[in-house]
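Understanding the architecture of this molecule
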Amino acid sequence: MKQVGLFGGSFDPIHVGHVALAKGILEQCHLDEVWLMVSPQNPLKQQSDLSDDQTRFEMAQLALEDVPGVKACDYEFQLSKPSYTWNTLQHLRKDYPDTAFTLIVGGDNWARFERWYHWKDILRNHRVVVYPRSPYPGTVELPLIDVSSTEIRRRVRVGQSIDGLVPEQVAAYIKKRGLYTSPILPQGEENLYGQR
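Residues numbered from 1 in each chain as written. Predicted model: local features only at pLDDT ≥ 70, side-chain atom pairs only at ≥ 80, totals over all residues. Heavy atoms only, no water.

The next point concerns the overall build of the protein. Along the protein, the regular secondary structure elements total seven helices and five strands. Taken from the N to the C terminus, the helices and strands of the protein come in the order β-α-β-α-β-α-β-α-α-β-α-α. Within the span of the protein, comprising 196 residues, buried residues form 52% of the whole. Contacts spanning at least 24 positions in sequence make up 75% of the contacts within the protein whose residues lie at least 6 apart. Carbon and sulfur atoms make up 49% of the accessible area of the protein, which amounts to about 9800 Å² in all. (Helix = DSSP H or I, 4+ residues; strand = E, 2+ residues; numbered from the N terminus. Buried < 20%, exposed > 50% of the residue type's maximum accessible area, 1.4 Å probe, protein only. Contact = heavy atoms within 4.5 Å. Areas by Shrake-Rupley, 256 points an atom, 1.4 Å probe, with all protein chains shown as cover.)

Tallied over the entire structure, the rule returns seven salt bridges. A salt bridge links glutamate 58 to arginine 177, with the nearest nitrogen and oxygen atoms 3.7 Å apart. Of this pair, glutamate 58 sits in helix H2 (residues 53-63) while arginine 177 is found in helix H7 (residues 168-177), placing the two residues 119 residues apart along the sequence. For arginine 177, a relative accessible area of 41% puts it in the partly exposed group. Close ionic contact of arginine 155 with glutamate 151 constitutes a salt bridge, the shortest N to O distance being 3.7 Å. Placement of both arginine 155 and glutamate 151 in helix H6 (residues 149-157) is noted, with a separation of four residues, approximately one turn of the helix. With relative accessibility at 23%, the residue arginine 155 sits in the partly exposed group. Each of the salt bridges in this network shares a partner with another, and the network as a whole consists of Glu151, Arg154 and Arg155. (Salt bridge = Lys/Arg side-chain N within 4 Å of Asp/Glu carboxyl O.)

For residues besides glycine, phi is generally negative; the peptide bonds are generally trans as well. Residue aspartate 12 is joined to proline 13 through a cis peptide bond whose omega torsion reads 5 degrees. Structurally, the position occupied by proline 13 is in the loop between strand S1 (2-9) and helix H1 (16-28). The backbone phi angle of phenylalanine 11 is positive, close to 50 degrees, even though this residue is not glycine. Residue placement: phenylalanine 11 occurs in the loop between S1 and H1. Overall, phenylalanine 11 belongs to the buried group, its relative accessible area being 2%. Phi at tyrosine 180 takes a positive value of approximately 65 degrees, unusual for a residue other than glycine. Relative to the helices and strands, tyrosine 180 resides in the segment after H7.

Shown next as structure tokens:
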């Protein structure tokens, strides 16, 4: 059976921390692939400040062009909103019956996992891998990478460099499209890895 890790989030924008995390989990957890599931709407987050779905998906595709075993996925775009993880998993199990899906979540989200829709059913039917997110521990040993999409958007907005924070092709895309240049009212600190 094919083993696939699901790493969901807003990815607005995808950054080097997301990519490093996906690669690390792919290796450590002996998965065949990791799918970065670009979420159209997170039920626990404000929607108003998200870039449009296609823009975020295109950035993820660019970031992962040369990353074997890790791919951007727009599967949730076709599902009903908001995109609850349980609902996504139900659809995936029907569409990919020969694939076992592992859910990848941050330690902060694991600490509040009981708030998730049908969380007990998720645990009954799927492996969950937890990566560390300060101050929360994880079930995998991965370095904490201090990068956030919120900070990247802020830096772009005030004209500061984002070199080294996002893959080069993503930085070029942001510049070409003029993303994140208009001021946005803060909606609260974004989860580093955009998990649901």
